[in-house]
Every structure is written in C-alpha cells, then in structure tokens.
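Structural overview
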Amino acid sequence: MKRLKPKANNLPASLLQRRQQFRSFLRFFLHYFFTNMHLGINFFLVLFASAFLLTNSHLVYKKYYPGTTIERLYVPESETRWKVKSEKYHPQDYTACPQNWKCDPDDPKGIKFNEIDDELDRRTFVRKKYKIGPDGRPLNPKGRTGIRGRGTLAYWGPNHAMMTIISRGKGNNKEYYVMRSNRTTVEAPFLIEYVKKPMVQVFPPTLYQIVIGDMKEIFPEAAILEALEKFYKESSIIYQGYYTDQRNTDNAWSEFTILEIDDPSKEYFNVVEAKRVTLPETGEEVTFQWEELPEEQVERKVKELIKKSDRTSAEKMLHRMRRAKIYFQKQGIHGLLPVLNDFVSNSIGLTGVAVTIAINLIIIH
C-alpha cells in the first residue's frame, strides 16, 4: 500500500514557512549564478577543489617561546606532519603553570583525552580525534611546533578559548557589549577567555557572571534557564577551530570558538548594564559597556582574529557558508548577496589549482 503524501495545506505552519524559505533561496541562488556565469563556474570549481585540498598552510611561530629565552626548533614545512618521520627532531621540553591558574599535572598520565574528562571537555574541533604519542602526551593535530611539553597553557591537548559577541536592538540602534580599557586599543574589542565546555557554554566565565548576574535582579530563575536555552539554540557559530597561539606546543594548543547572540527586541540584554571588572586571567581592570558600532567594523575584527587560525580550504569554505546562514537569518535573501560576492572573489586563487586537479583526474581515468 502506497504511503500518501500529506497535502501542503495540511502541513504545520513552521514546515510550510521553511519550505517557502528554501524555494526563495533556491530561486535567488540560481538567478545569481546564471546571471554571473563566470563566478558560478569559479564557485563550483572551488567546491571541487575543497573536497581534495585538505592540506594545511604552514604555521608561523616566533623564534622564542613567549616570556622565555627558549628557542623553538625550526621545522621545515615538509616535516610538520607527524606521519613524516624526522630523525633530527629533538626540541626542548617546556612546561610551566602561570600564576593563579589551575593547570593539569606536569605528567599527563591518567588524563582521559578525546572525551569529557570530569568537568573539562578534552575533545577537539580540528578533527574527529587527535593522536596520543608513545609518551602518553597528546599530539598537536596541526603537527610539530618546534617545542614539546605543555608550555604555559593550562591543559594538555586542546585549550578552548571563547569569544561571544552579544548585541541588542536593530538597524541604526543596534548596540554591542564591548570591553574597554587603557590598554585595549583594537576596534570592537570583545572578551576572549578560556572555557571548560565549549560545546555547551555560550558565554566566557566573566561575561556569564555579568549577564546572568544582571538578569537575576529582574527575572526569576525559570526565566533565566529558559533564556540560556534560547541563547544556546539561537546563537550563531561564526568560527570553531584551531588558533595559532604563540604558546602552542607539540602537546598543547589553543582552539577558538566565536559565537554571536543577538537580542533585537531587547527582551533580555536590556537589563545588562555597564560594569567595571578585573579579569581573573590577567588582573587587568576593564569596563564593559554598550556601544553603537557598524556591523562592518565588528566583522573586520572577527576576520582579523580568524586570520590567525590555520584553516584548510574546506574549513574556509565552511566558514563562508556559516556567514551565509547568519546573513540569511538576519536579512533574508538579499543579505546573501555580499557574502556570495565575497565567497567567489576570495576563491579565485583556488580556481587554477582546481582545474589542474580536474585535468589530472581526467588523465588518470
């Protein structure tokens, strides 16, 4: 007996709305690329190249490890990967715990890597799992760095940093909650702190205390829990992956999550006020305050941070797809146009490589 398809008018309103959004997106997508054929061809070549070009760009670390006179061993790009044997690779071993930090023991024996270990998530965003060396130490998924040990990072393996961009209002009245201090001179500064569970947390610790602390004065506990669940579901993941922190070593490295939480109706963030706090990691006194900033300025800051990540071609493409999703959610179909233009304009460099690979595959077959 054949299963009858439900009629469109009997479908839930939410499903009908998603179907209509998809059709609108598809019409826009096809119209854009058929009217910009040269860009459309380039786009699909980049998609093809991304499926094959999963190699890493060579990480650039400074000669001396931060705050020390310990010199990194030079690692040729051809010997960066762990699967490439390097008989001459004998770097210095350095492990130190910064003052007022709670760090892993110097001996990683007994630590549960690649899983949630008590209150700490030791999984990585770089790949499914990172390898463990013969000495029981985790191996940096991006390869050799020229120095062994934990360095001055708190944990063996991944150290997860988080930056959450929160905003309220919309249009010309949109405000961002930014961090200011005498030593902070960069555009649109947002707090970056290490977190223990990046897959479930939506705020770094200091920002969490400020936001939830102010909300507790107005909202009951049930409403706050509901708000946190909403933040978790509706937050936009701008970036998740490796971060080229100069403190990275062969056995400890930083990973970075950038989230955005928008409150256009000021339902929750309207109660969050300016605060003067001391950052626990650095002891620096900073002020958090609301400021009206152009979205372009905020995006420039985000791009500046993401440039410090070591991404494969596929990871770069994924980031642009995430941006497209965010713009589509905020501005609808027309919000996708600048993202698509940026995508194809930044992808031209890969076209020649994609064509070369395609020709080689045709010759092989």
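Refer to the structure above for everything that follows.
Residues numbered from 1 in each chain as written. Predicted model: local features only at pLDDT ≥ 70, side-chain atom pairs only at ≥ 80, totals over all residues. Heavy atoms only, no water.

Of all 12 residues in strand S9 (residues 252–263), 11 are buried, a share of seventy percent or more. Relative to S9, strand S5 (residues 157–168) runs parallel, the two sharing 12 bridges. Residue pairing in the sheet places Ala-161 in a bridge with Phe-256 of S9. Pairing geometry for strand S8 (residues 236–243) and S9, over seven bridges, is antiparallel. From the neighbouring strand, Gln-240 faces S9, where its bridge partner is Thr-257. (Buried < 20%, exposed > 50% of the residue type's maximum accessible area, 1.4 Å probe, protein only. Helix = DSSP H or I, 4+ residues; strand = E, 2+ residues; numbered from the N terminus. Pairing = 2+ DSSP bridges.)

What the rule picks out here adds up to 19 salt bridges. For Glu-175, the salt bridge identified is with Arg-168, shortest N-O distance 2.7 Å. For the pair shown, Glu-175 and Arg-168 are each scored as buried. Between Glu-285 and Arg-276 there is a salt bridge, and its shortest N-O distance comes to 3.5 Å. In this structure, a network of salt bridges that share partners links the residues Asp-93, Asp-135, Arg-137 and Arg-148. (Salt bridge = Lys/Arg side-chain N within 4 Å of Asp/Glu carboxyl O.)

For the rest of this paragraph, the subject is the nonpolar core. Judged by nonpolar contacts, the single largest core of 27 residues is most densely connected at Phe-203, Val-211, Met-215, Phe-231, Phe-269 and Phe-288. For this core, the secondary structure elements donating two or more residues are S5, strand S6 (175–180), helix H3 (205–216), helix H4 (221–234), S9 and strand S11 (285–292). Per-element accounting of this core gives the leading share, five residues, to H3. Not counting residues up to four positions away in its chain, the partners in contact with Phe-269 are Ile-166, Ser-167, Arg-168, Phe-203, Val-211, Phe-231, Ile-261, Asp-263 and Trp-290. The next biggest cluster of nonpolar side chains, apart from the first, holds 23 residues, and it includes Leu-120, Ala-154, Ile-238 and Val-298. (Core = buried A, V, L, I, M, F, W, Y, C linked by side-chain atoms within 4.5 Å. Contact = heavy atoms within 4.5 Å.)

Attention shifts here to unusual backbone geometry. Look at Asp-118: it is not a glycine, yet its phi comes out positive at around 60 degrees. Among the structural elements, Asp-118 can be located in the loop between strand S2 (116–117) and strand S3 (120–121).

Attention now moves to the packing of aromatic side chains. Scanning the entire structure with this criterion turns up 13 aromatic pairs. Centroid distance Phe-113 to Tyr-130: 6.3 Å. Interplanar angle 70 degrees. Geometry classified as edge-to-face. Highlighted residues: Phe-113 in the loop between strand S1 (93–95) and S2 and Tyr-130 in the loop between S3 and strand S4 (148–151), separated in sequence by 17 residues. You'll find Phe-113 and Tyr-130 in the same group, each marked buried. A centroid spacing of 5.8 Å and a plane angle of 85 degrees characterise the contact between Phe-203 and Phe-231, whose relative ring orientation is edge-to-face. In this pair, Phe-203 is assigned in the loop between strand S7 (192–194) and H3 and Phe-231 in helix H4, connecting sequence segments 28 residues apart. You can call Phe-203 buried: its relative accessible area is 2%. Cluster of aromatic residues (ring-pair linked, three or more members): Tyr-177, Phe-203, Phe-219, Phe-231, Tyr-268, Phe-269, Phe-288 and Trp-290. Just above the ring of Trp-290 sits the side chain of Arg-168; from NZ or CZ to the centre is 4.0 Å. (Phe/Tyr/Trp six-rings, centres within 6.5 Å; stacked < 30°, edge-to-face > 60°. Lys NZ or Arg CZ within 6 Å of the ring centre and 35° of its normal.)

All quantities given are derived from atomic positions and should not be read as evidence of function.
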